[in-house]
Each structure stands twice: as structure tokens, then as C-alpha cells.
Amino acid sequence: MSAQQIPVVVLAGFLGSGKTTLLNHLLRTARGTRVGVLVNDFGSIEIDAMTVAGQVGSTVSLGNGCLCCAVDASELDTYLEDLTRPAARLDVIVIEASGLAEPQELVRMVLASDNERIVYGGLVEVVDAAEFDATRARHPETDRHLGIADLVVVNKADRVPEDELRRVRDAVTGLAGRAAVVTAAYGRVDPELLFDRAARADDTAGARQLSFEDLYADAYERDHHDHPHAAYETVSFTAGEPLHPRRLMDFLDSRPEGLYRIKGFVDFGAADPDNRYAVHAVGRFLRFYPEPWPPGGQRLTQLVLIGSGTDGEALLRALDGCRVAGPHDTPEDHALWGVLRYVPDPREEAEPEPDPYGTAAYDADPDDTAAYGTDPYDADPYDAAAYGEAADRA
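- The name given to the chain in an unreviewed UniProt entry is GTP-binding protein, and the organism recorded there is Streptomyces tamarix.
- UniProt, in its Catalytic activity (unreviewed entry) section for the chain, records the words "GTP + H2O = GDP + phosphate + H(+)".

1. Structural notes on the packing of aromatic side chains
At step 1: Overall, the coordinates contain four aromatic pairs when judged by the stated rule.
At step 2: Looking at R276, its charged tip hangs above the ring of F265, at a distance of 3.7 Å from the centre.

2. Considerations on the pattern of salt bridges
Close approach of charged atoms allows side chains of opposite charge to pair.
At step 1: What the rule picks out here adds up to 15 salt bridges.
At step 2: The shortest N-O distance in the salt bridge between E164 and R167 comes to 2.7 Å. Highlighted residues: E164 and R167, both in helix 6 (residues 162-176), separated by three residues, approximately one helical turn.
At step 3: The partly exposed category is assigned to E164, whose relative accessible area is 26%.
At step 4: Notably, a salt bridge pairs D196 with R261, separated by 3.0 Å at the nearest N-O pair. With D196 in the loop between helix 7 (191-194) and helix 8 (212-223) and R261 in strand 10 (residues 259-266), this residue pair connects regions lying 65 residues apart in the sequence.
At step 5: By relative accessible area, R261 is classed as buried at 8%.
At step 6: Here the residues in one salt-bridge network are D133, E164 and R167, joined through shared partners.

3. What to know about the nonpolar core
At step 1: Of all hydrophobic cores here, the largest spans 52 residues; its most connected members are L151 and L194.
At step 2: Apart from residues lying up to four places away in sequence, L151 is in contact with L123, V124, E125, A179, A180, V182, L193, L194 and Y260.
At step 3: Membership of the second largest hydrophobic core comes to 26 residues, among which are M249, F251, V266 and Y342.

Thresholds, definitions, all that
- Residues numbered from 1 in each chain as written.
- Predicted model: local features only at pLDDT ≥ 70, side-chain atom pairs only at ≥ 80, totals over all residues.
- Heavy atoms only, no water.
- UniProt positions renumbered as here; feature names shortened; annotations may be inferred.
- Phe/Tyr/Trp six-rings, centres within 6.5 Å; stacked < 30°, edge-to-face > 60°.
- Lys NZ or Arg CZ within 6 Å of the ring centre and 35° of its normal.
- Salt bridge = Lys/Arg side-chain N within 4 Å of Asp/Glu carboxyl O.
- Helix = DSSP H or I, 4+ residues; strand = E, 2+ residues; numbered from the N terminus.
- Buried < 20%, exposed > 50% of the residue type's maximum accessible area, 1.4 Å probe, protein only.
- Core = buried A, V, L, I, M, F, W, Y, C linked by side-chain atoms within 4.5 Å.
- Contact = heavy atoms within 4.5 Å.

Given below as C-alpha cells:
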């Protein structure tokens, strides 16, 4: 079940880009969301009333329900196992790569993990707008890193003139392909762009006593009210009619640049009357999770789409076109095959796929692509070929 899985977000960027500032911002504004952090060095993580030397193998509480671990990359899976134990009650895990790390290796390790309690939450690449050209000159691999990112944060937007910021963003967008690109200052990215905020048990319509965390976050917000936030758009779609599986896959195959996340539930009607399908899409990563319909509830498709620079009206029109129009529009027998490619296969536990780093979750008939009339959406977007193609542009 997707609701039981913890998204793992990989946060990367060269030294000085501001990724630690962004991470600290997420921790300050978590407000009830329990964040697990994996870093190579504690050095710049702000931990109240603590001084941590950054030893590998250290784990500390951040005082607001969050946990922070200093790890060696080779031990990543071990620490993911620790952080995803039920007692930790974490809602999201953020891995901060070292400034000289190869982010695709961390992504591969997350995708290769056999930990059923995690799901890939995207690769976020942080770029220093003021030093972009110099960084590319020192680190030609910058272009390759941008080419595999799911979300790019052009940070320190306050340090460059507007026309220069526009030039840098345009350059980054060209290198980042279909990734969402947002600008920010001081790493001020709304956490809901990266992950869902957890609902607090004490949230009510009435008044409640402010916690220390609330007061700390409010003071932080007041101190930074003049600093621009990353801008993004959220579009909500609801349909009382089932969606046609093939047309929805066509939409996912061609979803536009800047559409970073899709979440929600899909009703495929007669194609699978017993189940609704939870959908989790981030960047090029896609999963469907079938689950029985809750008894007595209305059968609806409800989706939330999050991105930057997207055309909300166009997205809604495209999704409207996925509705089943009536009895004459009944999906063909094989229409669901394209969806099933992205349903985690329980057989994987006993019979691992030959390529442990692939993201295609379902061992479907190789000819089923033609059957539903579209290429699978980046069936293995993180394989060697994908990196090689990005490297060729570097």
C-alpha cells in the first residue's frame, strides 16, 4: 500500500549551492511532519542544544520528532531499515548527498533497495544562481546531474539581477529536460512541493495551545518574510466517471515539462471493478498500487498534480479526455496492461529481476506496448543508458 510507504527524497548539489540551507528550512517548517535525514556530515545541520562532530554512524534526535543520521553511502540500506521501523514514525526521509557525490548512485541504491516500507521520492538538484557558470566550468558533470533530476531548485535568486536569473533558469531548464525548475532564495521551498505534510493529531477547527515548534517556525517565517519562496502550481482533478486506462497512460507518457508530482486514486471502472489504484508519480518515476474500494464510499478518481510552469487548464482538459464516455467507450480487454507495468510485482521478492536498478515494476509481455498503443513511460529512466545520454550533453 502506498499509504504505508515512506518517500525517500535525494537532495543533491555542489558545494555552496545551498542544499543544506534548503534542508534546514524543511526541518524548521516541518510543523508536525516527522523527517528522517541521512547526511554524510552533520557539519551544517542546525541541531538545537547539540554539537555533533559528524562521525559516520551517529544518530541524533532533532527535538521536533525528526531524526538525523551521519552515514557512509555503503551503509545506506542499513540506515533506511533503521529509519523505517514503525517505532520511528517517520513521514519522509531526505538523503543529503555530499557536495561531490554522484547523485545517480544514491538514486540507484534507493531504487535497488528491497525495503518494502520506502518509495522513491525524487532527485532534487540545487543550483547556485550566482555561481552557475563557474560551477559548470569547474564541474562539467553539472549538466549530467541536471539531466537526471526530477526537480531543480535554482537557489540564491536574490543574489542576481532579474535578467541574469532568467538566463540561468532558461539554461537550467534546457539541461533538465522535463524536470520541474523553480527559483528560490535561502532554500525557501514549500515542503509540500517535495512531500505531503502529515496531519497533526491535535489539528482541530478550534484553537489549541501553540507548541514550541509552532513558535519557532513562526519566528523563522517572520525573519524571512521578504525572501522569495519557490513558486509552483497545484491542480486538483475529480471525476465521477471511470478513466480509460490506455488514455490515462497516454497522458502520463506525454506529461509536460515541469509536472513534478502526481498523487491520488484512479477508478478504472469495468477494467478492474474491485479495486481503485493509488498513483504515485515523481519526475520520471511512476507506480500504481491497486487496493480494494472502501465499502460504502463513492467511487471517484481524485488526483493532485504539482509542478512549476505548467498549464493547469491544459492538464485538466487532458484528464477530462481520459474519462470513459459511455458504454460505447468500454476499455478493451488489454487496456489495463500498460498500468500493470507499474504495479509492484510480489514475485520480485522470490524472483528478483535481472536488472535490480530498473524501475519497471511489472514483468509484462514485451509486446504489450503495441497493444495499448504507446511506449511505456520511461520504463527504466535511471539505467546506464539514461545517464550516458545525459553525459553526452555535458
